[in-house]
Amino acid sequence: MSFYDVYKSLEDKDLDYIIENTKEEEIKEILAKDFLDEFDFLKLLSNEAKNHLEIMAKRANFLTLKHFGRAVLLYTPIYISNYCVNKCVYCSYNHENEIKRKKLNLEEIEKEAIEISKTGLRHILLLTGDSRKESPVSYIKDAVKILKKYFDAISIEVYALKEDEYKELVDAGVSGLTIYQEVYNEDIYKKVHLKGPKSNYKNRLDAPERGCKAGMKFIGIGALLGLNDFRKEAFYTGIHCNYLQKKYPHVEYSVSAPRIRPHVGIFDLIDEVDDKDLVQIILAYRIYLKSVGITMSTREKEGFRDHLIPLGVTNISAGVKTSVKGHSSDEDKGEAQFEIADKRSVKEMKEAIKNMNYQPLMKNWMNI
Ligand code: SF4
């Protein structure tokens, strides 16, 4: 059994009916419960629940303080290659886009690592495009060996690997895996992933589970909001996380709610997700998943990101450059993956968190 079976088992359920017909009394009852089932969670994502964000925010704030205190984990991504063989219609790195491609050699990776480590960050997220030829597992492993010199916690966000490949990277020092399904709706998935290995829906869906089996300590999942009705995508993300939690309780999980940002190429079928929608998703995640981390990237504007911290967000990126070689040089950089909205440095982000009377954490794990 894999999460795909859970996904298929929900096909004959009328999720739209619940989204459209949940009543005010049901929301109140759910907020008084200690444990929610998946349909309680869906009701918190319903149209009616959008009228009760204030009371949901109180509950979410209570649960966040109970499970995380006033701590916020800071991290930053390092892009080491933007070569990609896939055709994801929403991404600048799509192999049909004529962008400047760049892959860092080991010396350049070390320069980037040194620049990032000067900010005090000790948790890093390593990213590549999806190309086994340009970024084989051996290259990722070599990069990890360098990053280990400067960082205590290394997570990866790369193409979907096999279990033994994840294990190889865990043995090399990787502690976390971030892999987003992008869109859980299988039909839409096929329409937006037109070519390349990423077009294999099930292979990607099972990747977080392979990471759990391989010994990853942290797993981050999510859907790219804007590709489908956000309520259903957030619902599948939440129940996917719940499925993994029950099966692999020793792993720590986080969920993310990235909205599509401007990128190179044309994709205009965006299912709009406004700020209030995003707040509702964060609140529903926190109330359903309680102790699961919630990640918010620099896709969102600074004031808005700050506002989401008391509501449930626990992991925040800072000092972000989404281009290859973005930290160590202004020249010879690869094209950025998407435009960022919050351009604050790590120092500025730390100050903002402290000013909110929260504690910025520079790492969540220490390799020994
Ligand atoms: S989303 Fe990933 S796999 Fe798809 S084009 Fe971008 S880098 Fe490649």
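Residues numbered from 1 in each chain as written. Predicted model: local features only at pLDDT ≥ 70, side-chain atom pairs only at ≥ 80, totals over all residues. Heavy atoms only, no water.

Draft legend 1. Summary view of the overall build of the chain. Looking only at helices and strands, the chain features 15 helices and nine strands. For a compact globule of 368 residues, the expected C-alpha radius of gyration is about 21 Å, and the chain comes in at 20 Å, within 12% of that figure. Viewed in the frame of its principal axes, the chain has a C-alpha envelope of about 60 × 45 × 35 Å. The buried share of the chain, taken over its 368 residues, is 61%. Sequence-distant contacts, at least 24 apart, represent 76% of the contacts inside the chain between residues at least 6 apart. Carbon together with sulfur atoms contributes 49% to the accessible area of the chain, which is approximately 15,600 Å² in total. (Helix = DSSP H or I, 4+ residues; strand = E, 2+ residues; numbered from the N terminus. Rg over C-alpha atoms; globule rule 2.2 N^0.38 Å. Buried < 20%, exposed > 50% of the residue type's maximum accessible area, 1.4 Å probe, protein only. Contact = heavy atoms within 4.5 Å. Areas by Shrake-Rupley, 256 points an atom, 1.4 Å probe, with all protein chains shown as cover.)

Draft legend 2. Inspection of unusual backbone geometry at higher detail. With a phi angle near 50 degrees, K290 is a residue other than glycine that sits in the positive phi range. Mapped onto the elements of the fold, K290 is located in the loop between helix 13 (275-289) and strand 7 (293-296). Taking relative accessible area as the criterion, K290 reaches 14% and is therefore assigned buried. Phi is positive for N357, which is not a glycine, with a value near 70 degrees. Counting through the fold element by element, N357 comes out in the loop between helix 15 (346-355) and strand 9 (359-361). Of the residues examined, N357 reaches a relative accessible area of 55% and is grouped as exposed.

Draft legend 3. Focus on the site of the ligand. As a matter of local geometry, the ligand sits amid 10 residues, with C84, N86, C88, C91 and K198 nearest to it. Tallied by class, residues from the shell around the ligand come to five nonpolar, three polar and two charged. (Near = heavy atom within 4 Å. Nonpolar A, V, L, I, M, F, W, Y, C, P; charged D, E, K, R; others polar.)

Draft legend 4. Representation of the packing of helix 7 (residues 137-147) against helix 8 (residues 163-172). Relative to each other, helix 7 and helix 8 sit at 15 degrees, their axes nearing to 9 Å. Relative to helix 8, the element helix 7 is oriented roughly parallel. In this structure, helix 7 meets helix 8 at a crossing whose hand is right-handed. Only E165, E168, L169 and A172 of helix 8 make contact with helix 7, whose side of the interface consists of V137, I140, K141 and V144. Taken together, the residues of the contact of helix 7 with helix 8 break down into five nonpolar, no polar and three charged. (Axes fitted to C-alpha atoms, helices over the stretch in contact; angles between N-to-C directions. Parallel < 35°, antiparallel > 145°, perpendicular 65-115°, else oblique. Left-handed = near helix turned anticlockwise from the far one by under 90°.)

Draft legend 5. Geometry of the side chain of K198. Mapped onto the elements of the fold, K198 is located in the loop between helix 9 (186-192) and helix 10 (201-205). Residues in contact with K198, not counting those within four places in the same chain, are N86, C88, Y90, D130, E182, Y189, H193 and R204.

Draft legend 6. Representation of the packing of aromatic side chains in the model. Inspection of every chain in the model, using the stated rule, returns 14 aromatic pairs. Where F3 meets Y184, the ring centres are 6.3 Å apart and the plane angle is 85 degrees; that geometry is what we call edge-to-face. Remark: Y184 occurs in the loop between strand 4 (176-178) and helix 9 and F3 occurs in helix 1 (residues 3-9); sequence separation between them is 181 residues. Residue classification places Y184 among the buried residues on the basis of a relative accessible area of 0%. For the ring pair Y7 and Y201, a centre distance of 5.8 Å and an interplane angle of 50 degrees mean the geometry is tilted. Highlighted residues: Y7 in helix 1 and Y201 in helix 10, separated in sequence by 194 residues. The class of Y7 is buried, set by a relative accessible area of 6%. By relative accessible area, which is 3% here, Y201 ends up buried. (Phe/Tyr/Trp six-rings, centres within 6.5 Å; stacked < 30°, edge-to-face > 60°.)

Draft legend 7. Looking closely at the pairing of strand 7. Where burial is concerned, the two faces of strand 7 agree: the one with G293 and T295 and the one with I294 and M296 are both buried. The pairing of strand 6 (residues 252-256) with strand 7 spans three bridges and is classified as parallel. Paired with S256 across the bridge in strand 7 is T295. In this sheet, strand 8 (residues 315-317) lies alongside strand 7 in parallel orientation, the contact comprising two bridges. Within strand 8, the position partnered with T295 by the bridge is N315. In this fold, strand 7 hands off to helix 14 (residues 302-308), which returns the chain to strand 8; that crossover is right-handed. (Pairing = 2+ DSSP bridges. Right-handed = clockwise from strand over helix to strand, strands pointing away.)

Draft legend 8. Region of interest: the environment of D164. You can see D164 is positioned in helix 8. Each C-alpha atom of the pair D164 and I188 lies 30 Å from the other, and the pair is 24 residues apart in sequence.

Draft legend 9. Region of the structure containing the nonpolar core. Membership of the largest hydrophobic core comes to 123 residues, with the highest contact counts inside it found for L126 and I156. When residues no more than four places from it in sequence are discounted, the contact partners of L126 are I78, I80, I140, A143, V144, L147, S155, I156, E157 and V158. (Core = buried A, V, L, I, M, F, W, Y, C linked by side-chain atoms within 4.5 Å.)

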